[in-house]
Structures are given as C-alpha cells and as structure tokens.
Amino acid sequence: MITHPSRHCTVELQALPPRIGQVRRIVSAQLRYWHMDTLIDRASLGVTELLSNVHRHAQPDKICTVELEVLLDRLKVSVRDHDPRLPVVGDAAPLATCGRGLAMVAAMSESWGALPDGESGKVVWFTLPAPSAAPVADWDHYPRITTGERAVPRFAEVALVEHAVEERRSEPAPARSAVVG
C-alpha cells in the first residue's frame, strides 16, 4: 500500500531482497517527484541498510513499513517493524562482510535513532537536510518606479561598449590562420 499526500509517503512490505530493490526505486521516484534529487543516493542507501537489517534480524516476521516525510527543512526516513529489540551499532571486523549498516546510516545522515513502537515493535529512522527550495518570484519585493521618480539607466556601460564595437566593425579585420607557423 502506498499513500502520498503532499509531502508524506508510506510503503508497507515484507523485507525480502526483491522487495528492498522495489522500495529503493519507489524512494527514488518519490524524491524526484518532490524535486529532492540530490537526496536520492543517500536516502536509497539508508533505506536499503534499514530494510536489510529487518530482513536479517527482525522477529517474528519481516513485515515492515517505510515512511518518507518532509518536515520543514529535513527529509525523515523511518522503518517500522514488529521486533521490539532495538538495533545496536557494532564494531565490524576489518574483513567482515556485514555489520556496518548502521554505521553507514550514521555517517551519511544528519541524525538517526531507534525508538520502541508500542508493545511489540520499533522505529529506526534517519534524517537528511532537504535542499533549499528556489525562491518563488514575489513581485511585491521588486523595486517600483513611481511617477515622481526618474528612471536611471542601469546599463550605460553596455551601451558604450556596443558603440565602440560598432565603430571597429567598419574596418576590415586582418585574416588569421589557425595553423601555427
């Protein structure tokens, strides 16, 4: 089930490897829709790591909910599952092939955390700074000339340069070769 009013998107799934890839594509598409393309790589990495943890560790089932939410100047990505055990950031051995997921989430996000969710479950989340929106043109903030003021030409220098260029064009330019020698 996907819901996405305005700046909120929720996906419920069973955290199996093929579904994790689908959720990553949904996250990318949603962030493009919200014009937050610069966050796609980090959000996709973070949600992949959190869903991989659900797949690897969650008990009694792998059913979870991914939630994207824009809160003022942040994107918050949350993953809820039915396992009440909170995750622990471990020290992975140098040659270990797993155990670095939460450390990567912590490194690439602005903040992250895990909270109990009712009697049987938890929420693991991270935030990313949202890109600042381009300012919308507001015509009331531009200066206006009233009838009592005289307009001052702003581009006088440009007019002088154009005039000088036109004077030089009357003389033929010498031919030049692009070949050295």
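Residues numbered from 1 in each chain as written. Predicted model: local features only at pLDDT ≥ 70, side-chain atom pairs only at ≥ 80, totals over all residues. Heavy atoms only, no water.

Some remarks on the overall build of the protein chain
Broken down by element type, the protein chain carries four helices and six strands. Start at the N end of the protein chain and walk to the C end: the helices and strands fall as β-β-α-α-β-β-α-β-β-α. A buried classification covers 30% of the 181 residues belonging to the protein chain. When the accessible area of the protein chain is evaluated, it comes to approximately 12900 Å², of which 58% is carbon and sulfur surface. (Helix = DSSP H or I, 4+ residues; strand = E, 2+ residues; numbered from the N terminus. Buried < 20%, exposed > 50% of the residue type's maximum accessible area, 1.4 Å probe, protein only. Areas by Shrake-Rupley, 256 points an atom, 1.4 Å probe, with all protein chains shown as cover.)

Points about the packing of aromatic side chains
If you walk through the whole model with that rule in mind, you get zero aromatic pairs. The positively charged end of Lys 76 is found above the aromatic ring belonging to Trp 125, 5.5 Å away from the centroid. (Phe/Tyr/Trp six-rings, centres within 6.5 Å; stacked < 30°, edge-to-face > 60°. Lys NZ or Arg CZ within 6 Å of the ring centre and 35° of its normal.)

Some words on the confidence of the model for the protein chain
Across the protein chain, the average pLDDT comes to 78, with 70% of residues at or above 70. In this model residues 133-147 is a low-confidence stretch, pLDDT under 50, and it forms four contacts with partners more than four residues away in sequence or in other chains. Residue range residues 151-166 is modelled with pLDDT below 50. Its contacts to residues more than four positions away, or to other chains, number two contacts. (pLDDT = per-residue confidence, 0-100. Contact = heavy atoms within 4.5 Å.)

Side note on the environment of Ser 44
Relative to the assigned elements, Ser 44 resides in helix H2 (residues 40-57). Separated by 16 residues in sequence, Ser 44 and Ser 28 place their C-alpha atoms 7.0 Å apart. Here Ser 44 is in contact with Arg 24, Val 27 and Ser 28, once residues within four sequence places are set aside.

Quick look at the pairing of strand E4 (residues 74-81)
Alignment of strand E3 (residues 63-71) against E4, held across eight bridges, turns out to be antiparallel. Note that in E4 the partner of Val 66 across the bridge is Val 79. Taken together, E3 and the strand that follows it, E4, pair antiparallel across an intervening segment of two residues, in which Leu 72 is found at a positive phi of about 50 degrees. Two strands pair when backbone bridges link them, and E4 and strand E6 (residues 122-129) are joined in this way by eight bridges, in the antiparallel orientation. Bridge pairing in E6 links Arg 80 to Val 123. (Pairing = 2+ DSSP bridges.)

Focus on the side chain of Asn 53
Within the element layout of this structure, Asn 53 appears in helix H2. Discounting chain neighbours no more than four positions away, the residues touching Asn 53 are Ala 58 and Leu 102.

Things to note about the pattern of salt bridges
If you walk through the whole model with that rule in mind, you get five salt bridges. For the salt bridge of Glu 67 with Arg 80, the shortest nitrogen-to-oxygen distance reads 3.9 Å. Taken as a pair, Glu 67 in strand E3 and Arg 80 in strand E4 lie far apart in primary sequence, 13 residues in all. Given a relative accessible area of 16%, Glu 67 falls into the buried group. Linking Asp 73 and Arg 74 is a salt bridge whose minimum nitrogen-to-oxygen distance equals 2.3 Å. Judged by relative accessible area, which is 43%, Asp 73 ranks as partly exposed. Taken together, the shared-partner salt bridges in this structure form one network comprising Asp 73, Arg 74 and Glu 110. (Salt bridge = Lys/Arg side-chain N within 4 Å of Asp/Glu carboxyl O.)

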